[in-house]
Amino acid sequence: AFIISCAVTPYFLGLFFPKKFDESFFMKTYGDKDEEGRAAENNWKKMYATLGLTLTSIQFYAFLGHISVEDALRHDYIAWTLFYIAASIKLSVENRRNLIAYNYVPSQLWHLVVACGLTPDLFFSPKKG
């Protein structure tokens with residue numbers, strides 16, 4: 001839960017302090033008026049929307065009694081882990097394709113740290129019993 005809280009905190013705070021986070025945390029990654037960059041940026045939005053749909057669907061399955069709350073939390077954790085792994089891969093591929101116009105290292109490090117923090121927990125999580 002701590003890692004997930006750390007992962008989403010900057011985005012949550014960005015709602016309340018947009019100028020501060022837009023300039024310091026949410027870097028202008030893809031430059032101006034670049035069609036491939038625009039597509040890459042839109043893919044972030046699609047990834048977040050997909051994550052939101054996945055998390056919401058899991059909660060509805062739990063509410064409807066198809067899975068337990070414990071299973072729902074496990075599935076949520078897996079969804080977050082996969083998201084951060086995919087985000088790390090996405091940034092790496094975009095950097096190799098020279099789509100990223102600015103220093104991507106802080107963003108890549110952030111996503112790798114969260115992914116590396118979440119992944120071991122999947123293997124060491126309490127067993128259902």
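Shown above is the structure to which this text applies.
Thresholds applied
Residues numbered from 1 in each chain as written. Predicted model: local features only at pLDDT ≥ 70, side-chain atom pairs only at ≥ 80, totals over all residues. Heavy atoms only, no water. Salt bridge = Lys/Arg side-chain N within 4 Å of Asp/Glu carboxyl O. Helix = DSSP H or I, 4+ residues; strand = E, 2+ residues; numbered from the N terminus. Buried < 20%, exposed > 50% of the residue type's maximum accessible area, 1.4 Å probe, protein only. Expected span 1.5 Å × (residues − 1). Contact = heavy atoms within 4.5 Å. Core = buried A, V, L, I, M, F, W, Y, C linked by side-chain atoms within 4.5 Å. Axes fitted to C-alpha atoms, helices over the stretch in contact; angles between N-to-C directions. Left-handed = near helix turned anticlockwise from the far one by under 90°. Nonpolar A, V, L, I, M, F, W, Y, C, P; charged D, E, K, R; others polar. Phe/Tyr/Trp six-rings, centres within 6.5 Å; stacked < 30°, edge-to-face > 60°. Patch = residues over 30% accessible without salt bridge, like charges linked within 9 Å, V, L, I, M, F, W, Y side chains within 5 Å. Areas by Shrake-Rupley, 256 points an atom, 1.4 Å probe, with all protein chains shown as cover.

### Quick notes on the pattern of salt bridges
Here comes step 1: Within the structure shown, the criterion is met by three salt bridges.
Here comes step 2: For Asp71, the salt bridge goes to Arg74, with nearest N and O atoms at 3.6 Å. On the criterion of helical spacing, the pair formed by Asp71 and Arg74 is a turn pair, its members being three residues apart in helix 4 (residues 69-96).
Here comes step 3: With a relative accessible area of 16%, Asp71 lands in the buried category.
Here comes step 4: Taken together, the shared-partner salt bridges in this structure form one network comprising Glu70, Asp71 and Arg74.

### Here we look at helix 3 (residues 35-63)
Here comes step 1: The end-to-end C-alpha distance of helix 3 is 42 Å, a good match for the 42 Å that 29 residues give at a rise of 1.5 Å each.
Here comes step 2: Within helix 3, the full set of buried residues consists of Gly37, Ala40, Trp44, Met47, Leu51, Leu55, Ile58 and Ala62.
Here comes step 3: Considering only its buried residues, helix 3 is in contact with helix 4 and helix 5 (105-124).
Here comes step 4: Looking one or two places after helix 3, you find Gly65, whose phi comes out positive at around 85 degrees.

### Concerning the nonpolar core
Here comes step 1: By size, the foremost hydrophobic cluster in this structure holds 16 residues, and its most contacted members are Leu51, Trp80, Tyr84 and Leu118.
Here comes step 2: Elements supplying a minimum of two residues to this core: helix 3, helix 4 and helix 5.
Here comes step 3: It is helix 4 that provides the largest number of residues to this core, a total of seven residues.

### Let's talk about the packing of helix 4 against helix 5
Here comes step 1: Interhelical geometry of helix 4 versus helix 5 gives an angle of 145 degrees and a closest axis separation of 8 Å. Crossing of helix 4 against helix 5: the hand is left-handed. Contacts between helix 4 and helix 5 involve Tyr77, Ile78, Trp80, Thr81, Tyr84, Ile85, Ala87, Ser88, Leu91 and Ser92 from the first element and Ser107, Gln108, Trp110, His111, Leu112, Val114, Ala115, Gly117, Leu118, Thr119, Asp121 and Leu122 from the second.
Here comes step 2: Of the residues in the contact of helix 4 with helix 5, the class split is 13 nonpolar, eight polar and one charged.

### A short note on the packing of aromatic side chains
Aromatic rings considered in pairs are described by the distance between their centres and by the relative angle of their planes.
Here comes step 1: All told, the structure shown has five aromatic pairs when counted by the stated rule.
Here comes step 2: Ring centres of Trp80 and Tyr84 lie 6.2 Å apart, and the angle between their planes is 25 degrees; on these two criteria the pair is classed as stacked. Separated by four residues within a single helix, Trp80 and Tyr84 lie in helix 4, roughly one turn from each other. Neither Trp80 nor Tyr84 differs from the other in exposure class; each is buried.

### Details of a nonpolar patch on the surface
Here comes step 1: Where nonpolar side chains cluster on the molecular surface, the patch consists of Ile78, Leu82, Ile85, Ile89, Val93, Leu122, Phe123 and Phe124 and spans about 770 Å² of accessible area.
Here comes step 2: Put simply, the parts of the chain that give the nonpolar patch at least two residues each are helix 4 and helix 5.
Here comes step 3: With five residues, the single largest contributor to the nonpolar patch is helix 4.
Here comes step 4: On the secondary structure map, Ile78 appears in helix 4.

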